[in-house]
Amino acid sequence: MNQTAFVPTEKIRKLQEKEARRMKLKRRKPNRSRAGDFLIYFMLAVVAFLMAFPLVFSVSSALKPLDELFRFPPRLLPLNPTFDNFSDLMVTLGASWVPFSRYLMNTVVLTMVGTAGHLLLASMAAFVLAKYDFPLGKTFFNIVVVALMFSGYVTAIPNYIIQSRLHLIDTFWAVLLPSFAAPIGLFLMKQFMEGIPMSLIESAKLDGAKEFRIFWQIVMPNVKPAWLTLIIFSVQNLWNARASTVIYSDAKKPLVYALQQIQAGGIARMGQAAAVTVVVMIVPIVTFILSQSRILETMATSGLKD
Amino acid sequence: MVGFAHKYYAIKRRSAAVAWDKAKRMRVCYLFLLPYAVLFFTFFILPMITSIFYSFTYYNILEAPRFIGFTNYINLILQDDVFLIAVKNTLLIAVITGPIGYMLSFGFAWFINELPRWLRTLAVVIFYAPSIAGNAYYIFGIIFRGDIYGYLNAFLTQLGIINAPILWLLDPAYMMPVIIIVILWMSMGTGFLSFVAGLQGVDRALYEAGYVDGIRNRWQELYYITLPSMKPMLMFGAVMSITQAFGVADVTMALAGYPSTDYAARTIVTHLFDYGYTRFEMGYASAIATLLFLAMIFCNKAIQSGLRRLGT
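The rules behind the values
Residues numbered from 1 in each chain as written. Chains lettered and ligands numbered in written order. Predicted model: local features only at pLDDT ≥ 70, side-chain atom pairs only at ≥ 80, totals over all residues. Helix = DSSP H or I, 4+ residues; strand = E, 2+ residues; numbered from the N terminus. Rg over C-alpha atoms; globule rule 2.2 N^0.38 Å. Contact = placed C-beta atoms within 7 Å. Core = buried A, V, L, I, M, F, W, Y, C linked by C-beta atoms within 7 Å. Buried ≥ 20, exposed ≤ 12 C-beta atoms within 10 Å, placed from the backbone. Nonpolar A, V, L, I, M, F, W, Y, C, P; charged D, E, K, R; others polar. pLDDT = per-residue confidence, 0-100. Axes fitted to C-alpha atoms, helices over the stretch in contact; angles between N-to-C directions. Parallel < 35°, antiparallel > 145°, perpendicular 65-115°, else oblique.

Caption draft 1: Structural detail: the overall build of chain A. Across its full length, chain A carries 14 helices and 0 strands. Its C-alpha atoms give chain A a radius of gyration of 28 Å, clearly above 19 Å, the size a compact globule of 306 residues would have. Reported as C-alpha extents along the three principal axes, the dimensions of chain A are approximately 100 × 75 × 30 Å. A separation of at least 24 residues holds for 76% of the contacts in chain A among residues at least 6 apart in sequence.

Caption draft 2: Representation of the environment of Leu-307 of chain B. All names here are of chain B. Its place among the elements puts Leu-307 in helix H15 (residues 282-308). As for Leu-307 and Tyr-149, which are separated by 158 residues in sequence, their C-alpha atoms are 47 Å apart. Every residue in contact with Leu-307, bar those within four places of it in the chain, is listed here: Lys-231, Leu-234, Met-235 and Ala-238.

Caption draft 3: How the structure looks around the nonpolar core. With 162 residues, the main nonpolar core has Ala-125 of chain A together with Tyr-36, Val-182, Val-196 and Ile-288 of chain B as its most contacted residues. Among the elements that make up this core, the one with the highest residue count is helix H14 (residues 270-299) of chain A (12 residues). Leaving out residues up to four positions away in the same chain, Ala-125 of chain A has contacts with Leu-186 of chain A together with Phe-32, Leu-33, Tyr-36 and Ala-37 of chain B.

Caption draft 4: Expanded view of the interface of chain A and chain B. The interface is formed by 81 residues belonging to chain A together with 87 residues belonging to chain B. Those elements that provide at least two residues to the side of chain A that touches chain B are helix H2 (34-62), helix H5 (100-131), helix H6 (137-147), helix H7 (156-165), helix H8 (173-180), helix H9 (183-193), helix H13 (255-263) and H14 of chain A. It is H2 of chain A that provides the largest number of residues to the side of chain A that touches chain B, a total of 13 residues. Taken together, the residues that form the side of chain A that touches chain B break down as 57 nonpolar, 19 polar and 5 charged.

Caption draft 5: Up close: the confidence of the model for chain B. When pLDDT is averaged along chain B, the result is 85, and 98% of the positions lie at 70 or above. Among the prediction metrics, the complex's ipTM stands at 0.82, with pTM recorded as 0.82.

Caption draft 6: Looking closely at the environment of Ala-136 of chain B. With respect to the helices, strands and loops of the structure, Ala-136 of chain B is situated in the loop between helix H5 (117-132) and helix H6 (138-143). Overall, the presence of 25 C-beta atoms within 10 Å leaves Ala-136 of chain B in the buried class. With 17 residues separating them along the chain, Ala-136 of chain B and Leu-119 of chain B place their C-alpha atoms 24 Å apart. Apart from the residues within four sequence positions on either side, Ala-136 of chain B is in contact with Pro-54, Leu-55, Ser-58, Thr-277 and Met-281 of chain A together with Pro-130 of chain B.

Caption draft 7: Broad picture of unusual backbone geometry. Unusually for a residue other than glycine, His-167 of chain A sits at a positive phi of about 55°. Its location among the elements puts His-167 of chain A in the loop between H7 and H8. By the C-beta count within 10 Å, which is 10 here, His-167 of chain A ends up exposed. Positioned with a positive phi, Phe-280 of chain B is a non-glycine residue whose angle comes to about 50°. Its place among the elements puts Phe-280 of chain B in the loop between helix H14 (268-278) and H15. Judged by local crowding, Phe-280 of chain B falls into the partly exposed class, with 13 C-beta atoms found within 10 Å.

Caption draft 8: View of the packing of helix H9 (residues 190-201) of chain B against helix H12 (residues 231-246) of chain B. All names here are of chain B. Orientation of H9 relative to H12, taken along the N-to-C sense of each, is 170°, at an axis distance of 8 Å. It follows that H9 is roughly antiparallel to H12 by the angle criterion. Side by side, H9 and H12 meet where Thr-190, Gly-191, Ser-194, Phe-195 and Gly-198 of the first sit next to Met-233, Phe-236, Gly-237, Met-240 and Ser-241 of the second. Each residue belonging to the contact of H9 with H12 can be placed in one class, and the counts come to 4 nonpolar, 6 polar and no charged.

Caption draft 9: Region of the structure containing the packing of helix H4 (residues 84-95) of chain A against H14 of chain A. Residues and elements named next belong to chain A. Contact geometry of H4 with H14 gives a least axis separation of 8 Å together with a crossing angle of 95°. Between H4 and H14, the crossing angle belongs to the class labelled roughly perpendicular. Contacts from Asp-84, Asn-85, Phe-86, Asp-88, Leu-89 and Thr-92 of H4 reach H14 at Gly-271, Gln-272, Ala-274, Ala-275 and Val-276. Residues of the contact of H4 with H14, tallied by class, amount to 5 nonpolar, 4 polar and 2 charged.

Written out as structure tokens, the structure is:
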């Protein structure tokens, strides 16, 4: 009797387990087929490999000694990884007519001043555009949105004419002033600031705070993700700025320009060129990795409403 | 009729007076806006206006600009064969990399959104990295090198598909495809980030409601729920991809050379560079810039009106 009673309970238990597993799967996400999930994972893996391949290849080339760079057939990973290319690069930079430290200083100054100015000016403008309704405010913002499209090369020629009229050519200001007014920063900051409750600002006003104090002590501490995003975008932008068309004096050129001159040195500098690629790309990528959660938080408000 | 016009102007005047009053009361707002606005107008709006102005002149920086009417435009369209090549190339790049890059950005953002959190972070970094990696596209110069040491040539030779190296970056037949591949590789930019973040923000309750209402697979979910909720991000992404698609110059100059063989990789922006910085014909360059501005604004308007109809 006992034996026969045991078998059905076991079966029921198994059935219950199966049902529970099915429910669990179902509860995870509705409208998702397993085959589809598998396909997506598979495709993402393949594409991620293709996307990462050139970057991995850049790094591995930089670590290859010269003879391996010209090996046939080429290998993805170096046989004898070495930092020779980087030390060669330092030697070349050390021997240049303008000292390496000067280039580095130029880039540091440009990046720091440009970012600080951009952050301050763009946040001030974004604050009033997001939180106050005043004549021409909306129009101004719409123009900024259109100007999002006109970045970089497209305005290069007319900008050159204007800057030469203002006698800015061959000074740091030729890089700094346009970067202060980069539309993307104002845009992201304004969209993020819209999320700050108006009641916060009104209560501060009731306590007798003036606009600048509200801006500095109430609003700015509350938009930290947007801050960070603006800083990262601005640093990426200025770090990559070669400024070759507006700065002529070698002593005023940024580091990336100097590095790319070495890169253009042809076959003989193949190894150093690979090292340059790595040096140039590492800064923007690392800053992004360190701050990606804050940047995504900011980008969540980046939508353009009608 | 006169009475009507009179009334109309009276209303206009009155609303202008109201706005003026309001502006006076809110003058602190203008104070906040002023520093940014001055720089913005000088370096983003004024260039547009000056390029329209100079496009009607002959201007070589040394002499004062001389008014020549529509001559620049007429020459551009009727006589400048290279410009027509540039337009053709730019349109080809824009039409392929613009929409495809845009859709890929959204598609991958959508797929990535299905991943568990830690994998998602990794995937976002991998997909976004090429667009910010400075001049990492330089590495494609080695992959597509014309001699046997180039990666692709070596690979194809090993497989026995080709028996002589192909000049990928010098042969006009291969130049454009190579450049389009590189641009697509770099196309997961700011728009992509906006999509990833936007997908995270779509209200979960909508999906559950949709399930109850009979949505049965992810495609229906995408069409009826995700896309309509993502409209603002899609608009932003469109603006960003127009910027990218029309501004192509860096990649072509670095890979295919400047000038490229038979101008096969010349784009509108490289043409602009040629006349602006090499020949110093600023009037002519301004005419090119003006046409480019117009094309961008037109595209933006077209895309926006298309997106507005989405999901309705």
